[in-house]
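# Geometric and topological summary
These are the residues of each chain, in order.
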Amino acid sequence: MYRSPERTPAWVILLRFLAIGIPGALFVFLVFPALPFVLLFFGVMAAVFGLNWLFTNSVVKTFTPDYYEALKRGGGDPYLDNLGWPLNTDSEATRQHGLHPNVLCPHCGVGSFVKPGTTVACPSCGGSFTNG
Ligand SMILES: [Zn+2]
């Protein structure tokens, strides 16, 4: 699974999610003072995170396959990019567009990220242009 480098990595988001559970783990340890219960607590948290991730991706891929493919090509993820602070601290522009615009469309002036030497159709007006 490709995730573009300017976005918060999935493993960082998962670690933040588990860190949020530390007070819960302390509570579990007070009630059941045994390490296996604490590990089980974090295991359940990680499983919930993974199942939500899988479910969200499945739903978006099933009902809007074109949008899903475009999002994945841009290094995005429908679940990770919609998580709020403090899990995902990316700006709204990064969540929406991923890589920062490096070229302006000569037809309409809208910025987009295009690999140098690549010809693309503008996502805004549909006009064809080449970066570089
Ligand atoms: Zn354009």
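Remember, predicted model here, so these are calculated numbers, not experimental data.

A separate point is the overall build of the chain. The number of helices and strands found in the chain is five helices and four strands. Written out in order from the N terminus, the α and β elements of the chain read α-α-α-α-α-β-β-β-β. Rg of the C-alpha trace for the chain: 20 Å, well past the compact-globule value of 14 Å for 132 residues, more than 25% over. Each principal axis of the C-alpha atoms in the chain carries an extent, and together these give about 65 × 25 × 20 Å. Counting the 132 residues in the chain, one finds 8% classified as buried. Counted over contacts in the chain with a minimum sequence separation of 6, partners at least 24 positions apart contribute 38%.

Residue placement: F113 occurs in the loop between β2 (111–112) and β3 (119–121). Separated by 11 residues in sequence, F113 and N102 have C-alpha atoms that sit 5.1 Å apart. Beyond its immediate stretch of four places on either side in the chain, F113 contacts G98, L99, H100, P101 and N102.

At the junction of W85 and P86, the peptide bond is cis and its omega measures out at 5° in the coordinates. Turning to its location among the elements, P86 is positioned in the loop between α4 (65–73) and α5 (92–97).

Here the focus is the packing of helix α1 (residues 10–20) against helix α3 (residues 35–63). In contact at an axis separation of 10 Å, α1 and α3 are set at 135° when each is read in the N-to-C sense. As judged from the angle between their axes, α1 and α3 are oblique. Classified by chirality, the crossing of α3 by α1 is right-handed. Every residue of α3 that contacts α1 at L14, F17 and L18 is listed here: F42, M45, A46 and F49.

The rules behind each value
- Residues numbered from 1 in each chain as written.
- Predicted model: local features only at pLDDT ≥ 70, side-chain atom pairs only at ≥ 80, totals over all residues.
- Helix = DSSP H or I, 4+ residues; strand = E, 2+ residues; numbered from the N terminus.
- Rg over C-alpha atoms; globule rule 2.2 N^0.38 Å.
- Buried ≥ 20, exposed ≤ 12 C-beta atoms within 10 Å, placed from the backbone.
- Contact = placed C-beta atoms within 7 Å.
- Axes fitted to C-alpha atoms, helices over the stretch in contact; angles between N-to-C directions.
- Parallel < 35°, antiparallel > 145°, perpendicular 65-115°, else oblique.
- Left-handed = near helix turned anticlockwise from the far one by under 90°.

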